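Observations on the model geometry
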Amino acid sequence: MAISLASLTAQADDAKVRLLDSSGNTKQLPVETVREIFFMRLSSWPDGSPIRVFVLPDDHPLHIRFAKEILGVYPFQLRSAWDRLVFSGTGVSPTLVESVEEMRSRVESTPGAIGYTDKQ
Amino acid sequence: MRSINLKPRFGKAASMIFCSALVLLSPMKASAKEFFDGNVKVYGFASQGATYTDHHQVFGTSRDVSLDFREMGLITSVKLLPNLLISAQGLYRDTGASDTQGTRLDFAQADYSVPLFDSSLVLGARGGRVKIPFGLYNDTRDVVWTRPSVLLPQSIYFDTLALRQAMIAADGGMLYGRYTHGEHRFGWEFMAAEPQDSTGGATGFLTGIPHMPGLPKSEGSLGGRPMLLGRAFYEWMGGRGKLMFSIVDLDRDFSASPGLSAFYQNGNTKVTYPLFSAQYNAEKWSLTAEYGWISSDRSGYSTANTAFIQGLPTWKNNTSENFYVQGEYRFTPEFWAVLRYDVLHLNRDDRGGREMSRLSGGLAPAHRFYARDLTAGVRWSFARNFLLASDYHYVNGTAWLNESENPNLSSPEASSHFSMVTTMLSFRF
């Protein structure tokens, strides 16, 4: 039992975090654009349609790894930037989802959506 | 025996009801209320502080533990178009004699931005009652979640001097731009707006006429040229390193209230306030410093009754010195500690205040002209929507204390130093 739990954990740690979007167009985006999107500083795609950003809670392991490995920032930097936008009225925070499953279903069903998941 | 100050007042009852409504509105899991596919978002916060001081009073009768420290806001943001955001905040705030405005429309602004060159350049305009972008913390200073400590460094973000309303938002507009290139991000903001300098202690601060026993307050109206403000920043690695320069320029004409013309004639005040800011954010720690000065230049105002003030060379032309150095350490993502040294010299050519005291003919002791605040604080986000923060301050000098709450600051017996413990509990959604 202990062995199988340990191997499951190791498996989860090895899973790669990757971007997930409703149109499949984000692979071409440079990392600085992805960072601007998740910092909530860009609100529209190049065709003018709205960007919908989904994130997991600040303390979710996948969120922490997404922030560090994909964006190259620490989760507290994202939270601080969102709070500054929200409380100065100059922007909004991303939509919070509670699980990877909810992330997948919300991103797939929302036009213009972007989020992240673990590679399987 | 000390007693806790719990005077029932309508404002407090209203705020408690508001606070309860916020809690009911918001299930624990939610970070914001979303409507219409996320195009309408509602945010809120409610914070209650408690302040204790051994000498002097801060935010009410703090020598008896004051609960006059309350900040509550409700923000609605509406995206009418993907790049058009309208947002407004209703705020209730009470910090004893330092903020007596109660409930107010804090900001109400429309923001339109255009991304260019594959979104590496964004240009935008914002108008309405807009938040004043100044330094690292001014834009969001009412929310303890965005502050490193319960009380911001008072050398730069004056809360006790009743200047908060005048500093936080103004009626006008701004243009802004930002440019991203790899790990580098540059941005600028330029603002022209009518400041809310008829609120709180702003008029007294700008005319430079202290509120003294036996003299009427310098009441009147300020007008003239709108406030001009610029802010530019550079960010490296998504904010790991930050450099910022902000500057405010005021040129205001004072018209004394008719009944006061025997005391204060009309006058003009010019103020320039530049501020340099720097921050480095590592995974576990952050280092922050801001340095600025307030340069003021006054003419007019003179009558025989106030000649003793106008006779002071430092009253006409004066330059202060304002700075702090701050370190934060994150033991866990939920538990942070902060250590800060914060310094205000009202005249940078007279850091000890002795010359200023001498020029006042001994009416004001030297410690009225400086304040050096050593702060140690902790903040603990014990649940997703709750934060408990507490600071201990040892302050040498009384420069940023409120004279309404401390009418005896200039007496020879007034202590030159004080200790303060201030704690705040906050809920947000």
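Residues numbered from 1 in each chain as written. Chains lettered and ligands numbered in written order. Predicted model: local features only at pLDDT ≥ 70, side-chain atom pairs only at ≥ 80, totals over all residues. Heavy atoms only, no water.

A closer look at the overall build of chain B
The helix and strand tally for chain B stands at six helices and 20 strands. Taking all 429 residues of chain B together, the buried fraction comes to 53%. In chain B, the share of contacts with a sequence separation of at least 24, taken over all contacts with a separation of at least 6, comes to 66%. In the form shown here, chain B has an accessible surface area of approximately 17400 Å², with 65% of it arising from carbon and sulfur atoms. (Helix = DSSP H or I, 4+ residues; strand = E, 2+ residues; numbered from the N terminus. Buried < 20%, exposed > 50% of the residue type's maximum accessible area, 1.4 Å probe, protein only. Contact = heavy atoms within 4.5 Å. Areas by Shrake-Rupley, 256 points an atom, 1.4 Å probe, with all protein chains shown as cover.)

Notes on the pattern of salt bridges
Residue and element names in this part refer to chain B. Under the counting rule described, the total for this entry stands at 34 salt bridges over all chains. Glu321 serves as the salt-bridge partner of Arg351, at 2.7 Å between the closest nitrogen and oxygen. You can see Arg351 sitting in the loop between strand E17 (335-345) and helix H6 (354-359) and its partner Glu321 sitting in strand E16 (residues 321-332), a full 30 residues away along the chain. (Salt bridge = Lys/Arg side-chain N within 4 Å of Asp/Glu carboxyl O.)

Quick word on a nonpolar patch on the surface
Residue and element names in this part refer to chain B. Residues Trp236, Tyr280, Trp285, Leu287, Tyr329, Phe331, Phe335, Val378, Trp380, Phe382, Leu388 and Leu425 make up a contiguous nonpolar surface patch of about 1100 Å² in total accessible area. Among the elements of the structure, strand E13 (285-292), E16 and strand E18 (370-383) are those that each provide at least two residues to the nonpolar patch. Here the nonpolar patch gets three residues from one element, more than from any other, and that element is E18. Among the secondary structure elements, Val378 is positioned in strand E18. Owing to a relative accessible area of 36%, Val378 belongs among the partly exposed residues under this scheme. (Patch = residues over 30% accessible without salt bridge, like charges linked within 9 Å, V, L, I, M, F, W, Y side chains within 5 Å.)

What about the interface of chain A and chain B?
If you look at the interface, chain A gives 35 residues, while chain B gives 50 residues. Both sides of the chain A and chain B interface together cover about 3600 Å² of buried area, and 48% of this is carbon and sulfur. Contact with chain B buries surface across chain A, with Phe76, Arg84 and Phe87 of chain A losing the most and accounting together for 20% of the total. Seen at the junction of chain A and chain B, the total is six salt bridges. Of the charged contacts in the structure, one is a salt bridge between Glu98 of chain A and Arg384 of chain B, with a shortest N-O distance of 2.9 Å. Summed over the shared surface of chain A and chain B, the result is 21 residue pairs in polar contact (both at pLDDT 80 or more). Of all the elements in the fold, those that place two or more residues in the side of chain A that touches chain B are helix H2 (31-38), helix H4 (75-88) and strand E3 (95-96) of chain A. Ranked by residue count, the leading element in the side of chain A that touches chain B is H4 of chain A, at eight residues. (Buried area = accessible area lost by both parts, 1.4 Å probe. Polar contact = N/O pair within 3.5 Å; in protein donor to acceptor, adjacent residues only side chain to side chain.)

Some details on the sheet that holds strand E1 (residues 17-21) of chain A
All names here are of chain A. Read from one edge of the open sheet, four strands run E1-E4-E2-E3, paired in mixed fashion. On the outer flanks of this sheet lie E1 and E3, each paired with one strand and no other. Relative to strand E4 (residues 113-118), strand E2 (residues 52-55) runs parallel, the two sharing two bridges. What sits directly across from Arg52, in E4, is Ala113. (Pairing = 2+ DSSP bridges.)

Quick word on the nonpolar core
The nonpolar side chains of a soluble globular protein tend to be buried, and buried together. Of all hydrophobic cores here, the largest spans 98 residues; its most connected members are Ile37, Phe38, Val53, Met103 and Tyr116 of chain A together with Met191 and Trp400 of chain B. Tallying contributions element by element places H4 of chain A first for this core, with six residues. Sequence-distant contacts of Tyr116 of chain A, that is, excluding residues within four places in its chain, are made with Val17, Arg18, Leu19, Leu20, Phe38, Phe54, Val55, Leu56, Leu62, His63, Phe66 and Met103 of chain A. (Core = buried A, V, L, I, M, F, W, Y, C linked by side-chain atoms within 4.5 Å.)

Some remarks on the confidence of the model for chain A
Of all residues in chain A, 87% attain a pLDDT of 70 or more, and the chain-wide mean is 85. Per-element averaging of pLDDT across chain A places helix H1 (residues 2-14) of chain A at the bottom with 40 and E2 of chain A at the top with 96. (pLDDT = per-residue confidence, 0-100.)

Examining a positive patch on the surface
All names here are of chain A. Taken together, the side chains of Lys16, Arg18, Lys27 and Lys119 make up a positively charged region of the molecular surface. Take Lys16: it is sitting in the loop between H1 and E1. Judged by its relative accessible area of 52%, Lys16 is exposed. (Lys, Arg positive; Asp, Glu negative; His and termini not counted. Charge placed at Lys NZ, Arg CZ, Asp CG, Glu CD.)

What about the environment of Gly352 of chain B?
All names here are of chain B. Secondary-structure assignment places Gly352 in the loop between E17 and H6. In sequence terms Gly352 and Arg368 are 16 residues apart; their C-alpha atoms lie 9.6 Å from each other. The residues touching Gly352, leaving out its near neighbours within four places in the chain, are Ala366, Tyr370 and Arg372.

Comments concerning the pairing of strand E6 (residues 121-131) of chain B
All names here are of chain B. Sheet topology places strand E5 (residues 102-116) next to E6; nine bridges connect them, and they run antiparallel. If you follow Leu116 over to E6, its bridge partner there is Leu121. Between E5 and the antiparallel strand that follows it, E6, lie four residues; Phe117 among them carries a positive phi value of about 50°. In the sheet, E6 pairs with strand E7 (residues 169-181) via 11 bridges, with the strands oriented antiparallel. When the bridges of E7 are listed, Gly128 appears paired with Gly172.

Some details on the packing of helix H3 (residues 61-71) of chain A against H4 of chain A
Residues and elements named next belong to chain A. Between H3 and H4, the least distance of the axes is 8 Å, while the angle of their chain directions is 95°. When the interaxial angle is binned, H3 and H4 end up roughly perpendicular. Counting all contacts with H3, which are made through His63, Ile64, Ala67 and Leu71, the residues of H4 involved are Pro75, Leu78 and Trp82. (Axes fitted to C-alpha atoms, helices over the stretch in contact; angles between N-to-C directions. Parallel < 35°, antiparallel > 145°, perpendicular 65-115°, else oblique.)

Focus on helix H5 (residues 100-109) of chain A
Residue and element names in this part refer to chain A. By the burial criterion, the buried members of H5 are Val100, Met103 and Val107. Buried residues of H5 fall within an arc of 50° about the axis and therefore sit on the same side. Residues Glu101, Glu108 and Ser109 are exposed on H5 and point more than 90 degrees away from its buried face. For H5, the secondary structure elements touched by its buried residues are E1, E2, H3 and E4. (Arc of directions from axis to C-beta.)

A look at unusual backbone geometry
Residues and elements named next belong to chain B. For Ser119, which is not glycine, the phi torsion reads 70° and is therefore positive. By the secondary structure assignment, Ser119 is in the loop between E5 and E6. With a phi close to 60°, Ala162 is a non-glycine residue in the positive phi region. Tracing the chain through its elements places Ala162 in the loop between E6 and helix H2 (164-168). Ala162 gets classed as buried once you look at its relative accessible area, which sits at 7%.

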